[in-house]
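Inside the fold
Now for the letters of each chain:
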Amino acid sequence: MKLIWQFSIPLVLGNLFQQMYNMVDTVIVGRYLGLSALTSVSSTTSITFLIIGFCLGTCTGLAVPVAQKFGAKSYSEMRKFVMNAAYLAIFLAVIMTIVTCALCGSILTWMKTPDQFYQGAYDYLFVIFLGIPFTFLYNVVAGVIRSLGDSKTPFYFLVLSAVMNIFLDMLFIIVFKLGTAGAGWATILSQAISGVLCFRYMKKKYDILKTNHQERRLDMHYIKTLFTMAVPMGLQFSITAIGSIMLQSANNALGTACVAAFTAAMRIKMFFMCPFESLGMAMATYSGQNYGAGKPERIWMGVKASALMMIVYWAFTFCVLMFGARTFALLFVDASELEILKNTELFLHISVSFFPVLGLLCILRYTIQGVGYTNLAMLSGVSEMIARILVSLLAVPAFGYLAVCFGDPTAWIFADAFLIPAFIYVYRRILRMKKN
């Protein structure tokens, strides 16, 4: 528990800072550009999660073999994986940037974005897509550093990025008056600077990563291994996001008040969800290293310790959001918007009640990913997608915004129903592998 706690704290704080500057984007846009601009940015939340989520999942997958080889003390193999991960990341980043920027307008049309919000949404989303290479840069470098057991350094650079983002938001939106695009430029420039500095630090600090000519060669064997690890993890995020897009599209049809409430609630929810995601990321590295070191019994110990920490955090969060949900909502909307505040509060009350289900989902999914069974993790994402689509198509037309509030909890339950037996299968299998 102590090891996971110490490793996960910088991850938690880093994710909180990341969510903080996402919230700052929303607050500044809402306060200085108005409700229409806020709705324009918020209408892109699910598609941003679809694309950027694929990037984040892919980067996490690229780090899995690195953690495994580090745990096995196979340092030359580890360095080969690091170099080939860089080559694969560059290729994927270029392809994704070209494709998403070219299809940006079509994506918003497919999502049935209302005409009055279309231009603001396009300006913001196009800039975010332009920054995909910087998303890959920071997250691949951070993933490699975490695989070596250092979760503090990526946190420091993430703090730097968050602070820069706040100042750039104010500069581009308030001073330069770039509108919703200004929020996008602030995000990608702050991430670019953070990524470059993090990369320079890694090259200078970690002698264990210094490669020779042979280790720097492009090797299709390593590329194939990395691809089969990374892409399913990226697809897991994207598949999950497809369900979220369906849910958001269904919510968009309910009117501006529901869209604004959904946006504010999602920002607040994502902030409080960070520790669950961070605990899962810690378990990915922890399980990967112990799998590589041939100590599978420690993985089960880690799952139990993480579950206990998750329950303690949920008890705290439950009290905070049950009594303070409306107060947090006031960060995004004016006190006179009573319907939006009420809907935001309802969404948060329902979501926080199911947080233990989400916490278990994160712990089991990332643990399974850490030992290399990324396809199973991806299938859990399919379970989430199916649940959200069913809610969007069947429940939202019948029950309206209340069904939207139950969309995510339903998806978490579906995912856990798959992940619990999947983890039992994986754990028993790696125990048998050790005995053999």
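Every chain's residues receive numbers from 1 upward, in the order its sequence appears when written. Reporting of local features is limited, given that this is a predicted model, to residues whose pLDDT is at least 70; pairs of side-chain atoms are given and counted only at 80 or more, and all residues count toward the totals for whole chains, interfaces and linings. Excluding hydrogens and water, the side-chain figures rest on all heavy atoms present in the structure.

Some remarks on the overall build of the protein
A tally of regular secondary structure across the protein gives 16 helices and zero strands. For the protein, the C-alpha radius of gyration of 21 Å lies close to 22 Å, the compact-globule estimate for 436 residues. Counting only C-alpha atoms, the protein reaches 65 × 45 × 35 Å along its principal axes. The buried share of the protein, taken over its 436 residues, is 58%. Throughout, a residue-residue contact means that at least one pair of heavy atoms, one from each residue, lies within 4.5 Å. Relative to all contacts within the protein whose residues are 6 or more apart in sequence, the contacts with residues 24 or more apart total 84%. Here the Shrake-Rupley method, with its probe set to 1.4 Å, supplies the accessible areas, and only the displayed protein chains count as covering residues. Total accessible area on the protein is roughly 17,900 Å²; 69% of this is exposed by carbon and sulfur atoms. Charge centroids of the protein, computed over 32 positive and 18 negative side chains, lie 13 Å from each other. Every helix listed is a DSSP run of H or I at least four residues long, and every strand listed is a run of E at least two residues long, numbered separately from the N terminus. Atoms counted for the radius of gyration: C-alpha only. Globule rule: 2.2 Å times residue count to the power 0.38. Throughout this description, buried means an accessible area under 20% of the type-specific maximum (1.4 Å probe, protein chains only), exposed means over 50%, and partly exposed covers the range between. Positive charges are assigned to Lys and Arg, negative charges to Asp and Glu, while His and the chain termini are left out of the count. We put the charge of a Lys on NZ, of an Arg on CZ, of an Asp on CG and of a Glu on CD.

Considering the packing of helix α10 (residues 256–292) against helix α12 (residues 338–353)
Axes here mean lines fitted to C-alpha atoms, for a helix over just the part in contact, with angles spanning 0 to 180 degrees between N-to-C directions. Where α10 meets α12, the closest approach of the two axes is 8 Å, and the angle between their N-to-C directions is 45°. Accordingly, the angle class assigned to the pair α10 and α12 is oblique. Note that α10 runs across α12; the crossing there is right-handed. On α12, the residues touching Ala257, Cys258, Ala260, Ala261, Phe262, Ala264, Ala265, Met266, Ile268 and Lys269 of α10 are Glu339, Ile340, Asn343, Thr344, Phe347, Leu348 and Ser351. Class assignment of the residues belonging to the contact of α10 with α12 gives a composition of twelve nonpolar, three polar and two charged. Under this scheme an angle from 65 to 115 degrees is roughly perpendicular, one under 35 degrees roughly parallel, and one over 145 degrees roughly antiparallel; angles in between are oblique. Crossings are sorted by hand: turned counterclockwise from the far helix by less than a right angle, the near helix makes the crossing left-handed, and turned clockwise it makes it right-handed. Three categories are distinguished: nonpolar for Ala, Val, Leu, Ile, Met, Phe, Trp, Tyr, Cys and Pro, charged for Asp, Glu, Lys and Arg, and polar for the others, with Gly belonging to the last.

Considerations on the environment of Leu50
Within the secondary structure, Leu50 sits in helix α3 (residues 45–71). Using a relative accessible area of 16% as the deciding quantity, one classes Leu50 as buried. Put simply, Leu50 and Ser238 are 188 residues apart on the chain and 4.6 Å apart in space, counted from C-alpha to C-alpha.

So, the environment of Ser392
By the element assignment, Ser392 lies in helix α14 (residues 374–399). The exposure class assigned to Ser392 is buried, which follows from its relative accessible area of 6%. Put simply, Ser392 and Val29 are 363 residues apart on the chain and 28 Å apart in space, counted from C-alpha to C-alpha. Residues within four places of Ser392 in sequence aside, it is in contact with Gly243, Met246, Leu247, Ala250 and Pro397. Looking at Ser392, its side chain comes within polar contact range of the main-chain oxygen of Met246, at 3.4 Å. In protein, a polar contact requires one atom able to donate a hydrogen and another able to accept it; more generally it is a pair of N or O atoms within 3.5 Å, and residues adjacent in sequence count only if both atoms are side-chain atoms.

Observations concerning the pattern of salt bridges
Salt bridge, as applied in this entry: a Lys or Arg side-chain nitrogen positioned within 4 Å of an Asp or Glu carboxyl oxygen. Summed over the entire model, instances satisfying the criterion amount to seven salt bridges. Between Arg79 and Glu215 there is a salt bridge, with its nearest N and O atoms 3.1 Å apart. On the criterion of sequence distance, the pair formed by Arg79 in helix α4 (residues 75–110) and Glu215 in the loop between α8 (180–205) and α9 (220–252) is long-range, its members being 136 residues apart. Summarising the burial analysis for this pair, Arg79 and Glu215 share the class buried. One salt bridge in this structure joins Arg388 and Asp408, with 2.8 Å as the shortest N-O distance. Here Arg388 is found in helix α14, whereas its partner Asp408 is found in helix α16 (residues 407–435), with 20 residues between them in sequence. Arg388 gets classed as buried once you look at its relative accessible area, which sits at 4%. The exposure class assigned to Asp408 is buried, which follows from its relative accessible area of 5%. Look at the salt bridges and you will find they share partners, linking Lys269, Arg365, Glu384, Arg388 and Asp408 into a network.

Comments concerning helix α6 (residues 132–147)
Expected span, for any helix, means 1.5 Å times one less than how many residues it has. In this model α6 runs 22 Å from its N-terminal to its C-terminal C-alpha over 16 residues, within 8% of the 22 Å that 1.5 Å per residue would give. With 13 of 16 residues buried, α6 lies mostly within the body of the structure.

Structural notes on the state of the cysteines
Pairs of cysteine sulfur atoms within 2.5 Å are identified as disulfides in what follows. Evaluated as defined, the whole model comprises zero disulfides. Summary of cysteine pairing: Cys198 is not part of a disulfide, and the nearest cysteine sulfur, belonging to Cys59, is at 12 Å. The structure places no disulfide on Cys274, whose sulfur is separated from the nearest cysteine sulfur, that of Cys362, by 10 Å.

Topic: the nonpolar core
Ile4, Phe347, Phe355 and Ile368 are the most contacted members of the largest nonpolar core, which totals 66 residues. A per-element tally of this core places α10 first, with 17 residues. Setting aside anything within four residues of it in sequence, one finds Ile4 in contact with Leu279, Ala282, Met283, Tyr286, Gly302, Ala305, Ser306 and Met309. One finds Ile51, Val66, Ala89 and Cys104 within the second-largest nonpolar core, a separate group that totals 58 residues. Throughout, nonpolar core names a set of buried Ala, Val, Leu, Ile, Met, Phe, Trp, Tyr and Cys residues whose side chains join them through atoms within 4.5 Å.

A few points about the packing of aromatic side chains
Stacked, edge-to-face and tilted are the three classes for Phe, Tyr and Trp ring pairs, Trp counted by its six-membered ring, which pair at centre distances within 6.5 Å; planes under 30 degrees apart are stacked, over 60 edge-to-face, the rest tilted. Scanning the entire structure with this criterion turns up 20 aromatic pairs. Taken together, the ring pairs in this structure connect Phe276, Tyr313, Phe316, Phe355 and Trp412 into an aromatic cluster.

Topic: the confidence of the model for the protein
Per residue, pLDDT measures the predictor's confidence, with a range of 0 to 100. Scored by pLDDT, the protein has a mean of 89; 98% of the residues are at 70 or more. At the low end of the mean pLDDT range in the protein sits helix α2 (residues 35–42), at 78; at the high end sits α4, at 95.

Thoughts on a nonpolar patch on the surface
A residue counts toward a patch only above 30% relative accessible area and without a salt bridge, and it is joined to like-charged neighbours within 9 Å or, for Val, Leu, Ile, Met, Phe, Trp and Tyr, to nonpolar neighbours within 5 Å. Among the surface-exposed residues, Ile90, Phe91, Val94, Ile95, Ile98, Val99, Leu103 and Trp110 lie close enough to one another that they form a single nonpolar patch of about 810 Å² accessible area. With respect to the helices and strands, Trp110 occurs in helix α4.

A few points about the packing of α3 against α10
Put simply, α3 and α10 touch, their axes get as near as 6 Å, and they point 45° apart. Taken together, α3 and α10 sit at an angle that is classed as oblique. Relative to α10, the crossing made by α3 is right-handed. In this structure, α3 contributes Ala67, Gln68, Phe70 and Gly71 to the contact, and α10 contributes Thr285, Gly288, Gln289, Tyr291 and Gly292. Residues that form the contact of α3 with α10 fall into these classes: three nonpolar, six polar and no charged.

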